[in-house]
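Residue strings, one per chain:
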Amino acid sequence: MGKRDTRFSYVNPIAMARARGPRSNDGPTIQDYLSRPRPSWEELKQLKEQKSKKGSSSLAAWEEQMNEKFKEDLKKHRDKVQASQEGQGSRSSSQSHKKKKEKKKSKKKKKARSPSHSSPSSCDSSPDSDSEVEEEKREQPQRRHKKKRKKEKKKKHRSEPGTDDSSDDNDNDKASDSSRSDKKSKKRKRKWTKTSEGSENESDTDRSSRELASASSSSRHKKKRKRDKHKKGKRRREDKNNDISDAD
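Residues numbered from 1 in each chain as written. Predicted model: local features only at pLDDT ≥ 70, side-chain atom pairs only at ≥ 80, totals over all residues. Heavy atoms only, no water.

Considering the overall build of the protein
Argument step 1. The helix and strand tally for the protein stands at 8 helices and 0 strands.
Argument step 2. Traced from its N-terminal end to its C-terminal end, the protein shows the element sequence α-α-α-α-α-α-α-α.
Argument step 3. The buried share of the protein, taken over its 248 residues, is 3%.
Argument step 4. For the protein, the exposed area adds up to about 25,400 Å²; of that, 50% sits on carbon and sulfur atoms. (Helix = DSSP H or I, 4+ residues; strand = E, 2+ residues; numbered from the N terminus. Buried < 20%, exposed > 50% of the residue type's maximum accessible area, 1.4 Å probe, protein only. Areas by Shrake-Rupley, 256 points an atom, 1.4 Å probe, with all protein chains shown as cover.)

Structure representation (structure tokens):
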């Protein structure tokens, strides 16, 4: 049993195509596809504009159908909205009219309360305002008389001997205030003595610590001064040597 022979003869495809001959024209060629008639750029722009203006015909037809169906409903809703708007406008106008009337009445009342500054035209405007002004004029002298009586009673009360009692009460209040101030001063003195005793006990330890700290700080200052003097002397010597060398 030998190996199967898998070899096959090589055939040039170009030679095979030439041997077959020309093909039959079943459809359009590539050249026909490339040379097909195509619109220009300006024609394309016009087509786009026409489409954008027209829109879709199906959508327009659907909108017309819906409008025909709901025409009556739209009319009813429109009538309701218009009626509500008119009612709101009438209400707002009536409210504004009422507010104006109330303002006028309040102004008239204020003018009636101050008859000295009111003009005769405003007083003669209505009979109600005239009656109110007359009543107030009648009440004014009574009020003044009552105020005078009250003032006289107050003056009599001040001039009566009861004032001596009030002066005694004031003296007693002053004495009580002085006694309170004395008590406060005594309490402060006691606190000060207590704090001074405690501070004396603490002052011995503080003094010793302060003395040690001051001694250490003084020794440090002395060392620093010596160092500074030594550095200054060196600098002076170096400056002199430099000057001599420059002169030579």
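Details of helix α1 (residues 13-20)
Argument step 1. Buried residues are scarce in α1, accounting for 0 of its 8 residues.
Argument step 2. Of the residues one or two after α1, Gly 21 is the one with positive phi, at around 95 degrees.

Some remarks on the packing of aromatic side chains
Argument step 1. Counted according to the given criterion, the structure contains 0 aromatic pairs.
Argument step 2. Between Arg 36 and the ring centre of Tyr 33, over which it is positioned, the NZ or CZ distance is 4.4 Å. (Phe/Tyr/Trp six-rings, centres within 6.5 Å; stacked < 30°, edge-to-face > 60°. Lys NZ or Arg CZ within 6 Å of the ring centre and 35° of its normal.)

Side note on a nonpolar patch on the surface
Argument step 1. Together, Ile 30, Tyr 33 and Leu 34 make up an exposed nonpolar region whose accessible area comes to about 380 Å².
Argument step 2. Here Tyr 33 is to be found in helix α2 (residues 30-34).
Argument step 3. Under the relative-accessibility criterion, Tyr 33 is labelled exposed at 54%. (Patch = residues over 30% accessible without salt bridge, like charges linked within 9 Å, V, L, I, M, F, W, Y side chains within 5 Å. Salt bridge = Lys/Arg side-chain N within 4 Å of Asp/Glu carboxyl O.)

A short note on a negative patch on the surface
Argument step 1. Negative charge collects at one region of the surface, where Glu 238, Asp 239, Asp 243 and Asp 246 lie side by side.
Argument step 2. Position of Asp 243 relative to the elements: it lies in helix α8 (residues 162-247). (Lys, Arg positive; Asp, Glu negative; His and termini not counted. Charge placed at Lys NZ, Arg CZ, Asp CG, Glu CD.)

A closer look at the confidence of the model for the protein
When pLDDT is low, close inspection of the predicted coordinates is not appropriate.
Argument step 1. Per-residue confidence for the protein gives a mean pLDDT of 76; residues scoring 70 or more make up 77%.
Argument step 2. Considering only residues more than four positions removed or in separate chains, one finds that residues 116-125, a stretch of pLDDT under 50, has 8 contacts.
Argument step 3. When the criterion is pLDDT under 50, residues 162-166 qualifies, and its contacts beyond four places in sequence or with other chains add up to 2 contacts. (pLDDT = per-residue confidence, 0-100. Contact = heavy atoms within 4.5 Å.)

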